[in-house]
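Here's the letter readout for the chains.
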Amino acid sequence: MSSSDPSRRPGRLGVGIVGAGRVGAVLGAALRAAGHAVVGVSAVSEASRERAGLLLPGVPVLEIPDIVERAELVLLAVPDDALPPLVEGLARLGAWQPGQLVVHTSGRYGIGVLAPARARGAIPLALHPAMTFTGMSLDLGRLPDCCFGITAPGAVLPIAQALVVEMGAEPVVIEEESRVLYHAALAHASNHLVTLASQSAQLLGDLGVHRPERMLGPLMKASLENALSAGEGALTGPVSRGDTGTVAAHAEALAAHDAQDIRIAYRGMARATAQRAVERGLLSREQGDAVVAVLDGGSEIDPGDGASDVPDAAPGGGPGEAGTREDGS
């Protein structure tokens, strides 16, 4: 055995994986690559068993109480709603052990949900990867670009941080009372981006565009990169220009389309965009109100006396440059 073998590093643990879903199997494989021994995994469905076989070859598939009995670190990778009854049920069985690390991967919960295990002497940690997973080996290559939202008692916070670093990712401390809002932020960014892309692809497909993803891909990637680097300064399009005529035309076209969810989403996002553009000085209050009025079903409104086709500069100088964009996007 080579001296560089990860399994010979100090502090290696026997890890039990409860839930061989997309997250559990990948994180189990990452901990194994860091030298920890995965002593068992629970996998109920055929897909979970197949995933466990691919990412955790040779690891026995066991019942959950047997995993908890064998493991020094128990990784609970189960759906949010399943986590509280699982922890409580294992406590009633007397399964939790003093000094055992109990880690969950839920974004919603901090360590409070692990109170039944903690009462038995276990050490609670919350490690949530801010990443979407496929449940395949390619996810392991994404971990170095990933952050984990971690919550733990102060005395053992370094353990949580070390586990994340060992998996190649970056730990970010999230306070217990902030977990739900933290998770909402990530769900809004990730889940709703999928919905947005799917809705736009549907509209293009309805128009006869053969490969809508080919048209949307470069646009959405560039928009995301610009938004992450410049925030609202990256805004383009008719709302950011106060172009009520185009916004009204969009709303009319969508009203004639049979996809109600797209119509609702467009109006909601356009309204939020107008509000944020006003708050950041990209639009004047009058221009923002005009856009919202159109979205709420009013007729096209002149955003102000003397307004031309190109909105006047909003107070503050710089935002006026945003109002003179001619990209038409």
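Residues numbered from 1 in each chain as written. Predicted model: local features only at pLDDT ≥ 70, side-chain atom pairs only at ≥ 80, totals over all residues. Heavy atoms only, no water.

Participant: Is there a simple way to explain the overall build of the protein chain in this structure?
Facilitator: Counting secondary structure elements, the protein chain contains 13 helices and seven strands. When burial is assessed residue by residue, the protein chain has 40% of its 329 residues classed as buried. A separation threshold of at least 6 residues defines the contact pool for the protein chain, and within that pool the share at least 24 residues apart is 60%. Per element, the accessible surface of the protein chain, about 17,100 Å² overall, is 56% carbon and sulfur. (Helix = DSSP H or I, 4+ residues; strand = E, 2+ residues; numbered from the N terminus. Buried < 20%, exposed > 50% of the residue type's maximum accessible area, 1.4 Å probe, protein only. Contact = heavy atoms within 4.5 Å. Areas by Shrake-Rupley, 256 points an atom, 1.4 Å probe, with all protein chains shown as cover.)

Participant: Hey, could you run me through the pairing of strand E6 (residues 147–151) in this one?
Facilitator: If a strand is regular, its side chains alternate between the two faces of the sheet. Burial analysis of E6 places four of its five residues in the buried class, the great majority of the element. Pairing analysis gives four bridges linking strand E5 (residues 123–129) to E6, with the strands arranged antiparallel. Residue pairing across strands places alanine 126 opposite threonine 151, the latter belonging to E6. As judged from the four bridges shared by E6 and strand E7 (residues 170–173), these two strands associate in the parallel manner. Residue pairing across strands places isoleucine 150 opposite valine 173, the latter belonging to E7. (Pairing = 2+ DSSP bridges.)

Participant: Explain the pattern of salt bridges here, please?
Facilitator: When charged atoms on two side chains of opposite charge get close, those side chains can pair. Taken as a whole and judged by the stated rule, the model has nine salt bridges. Residue arginine 12 pairs with glutamate 166 through a salt bridge whose shortest N-O separation is 2.5 Å. Here glutamate 166 lies in helix H6 (residues 157–166) and arginine 12 lies in the segment before strand E1 (14–18), a separation of 154 residues in the sequence. Note on arginine 12: relative accessible area 19%, which makes it buried. For the salt bridge of arginine 276 with glutamate 232, the shortest nitrogen-to-oxygen distance reads 2.4 Å. (Salt bridge = Lys/Arg side-chain N within 4 Å of Asp/Glu carboxyl O.)

Participant: Any chance you could explain the confidence of the model for the protein chain here in plain terms?
Facilitator: One rule of thumb: low pLDDT means the predicted coordinates there are not for detailed reading. Summarising the model, the protein chain shows a mean pLDDT of 89, and 87% of its residues fall at 70 or more. Across residues 300–329, where pLDDT falls below 50, the model places 43 contacts with residues more than four positions away in sequence or in other chains. (pLDDT = per-residue confidence, 0-100.)

Participant: Would you mind going over the packing of helix H10 (residues 244–255) against helix H11 (residues 260–279) with me for this structure?
Facilitator: The packing of two helices is summarised by the inter-axis angle and the distance between the axes. Look at H10 against H11: their axes get within 9 Å of each other, and the N-to-C directions meet at 160 degrees. Between H10 and H11, the crossing angle belongs to the class labelled roughly antiparallel. Once H10 is placed against H11, the crossing between them reads as left-handed. Across the interface between the two elements, Val247, His250, Ala251, Leu254 and Ala255 from H10 touch Ile262, Arg263, Tyr266 and Arg267 from H11. Among the residues making up the contact of H10 with H11, the classes are represented as six nonpolar, one polar and two charged. (Axes fitted to C-alpha atoms, helices over the stretch in contact; angles between N-to-C directions. Parallel < 35°, antiparallel > 145°, perpendicular 65-115°, else oblique. Left-handed = near helix turned anticlockwise from the far one by under 90°. Nonpolar A, V, L, I, M, F, W, Y, C, P; charged D, E, K, R; others polar.)

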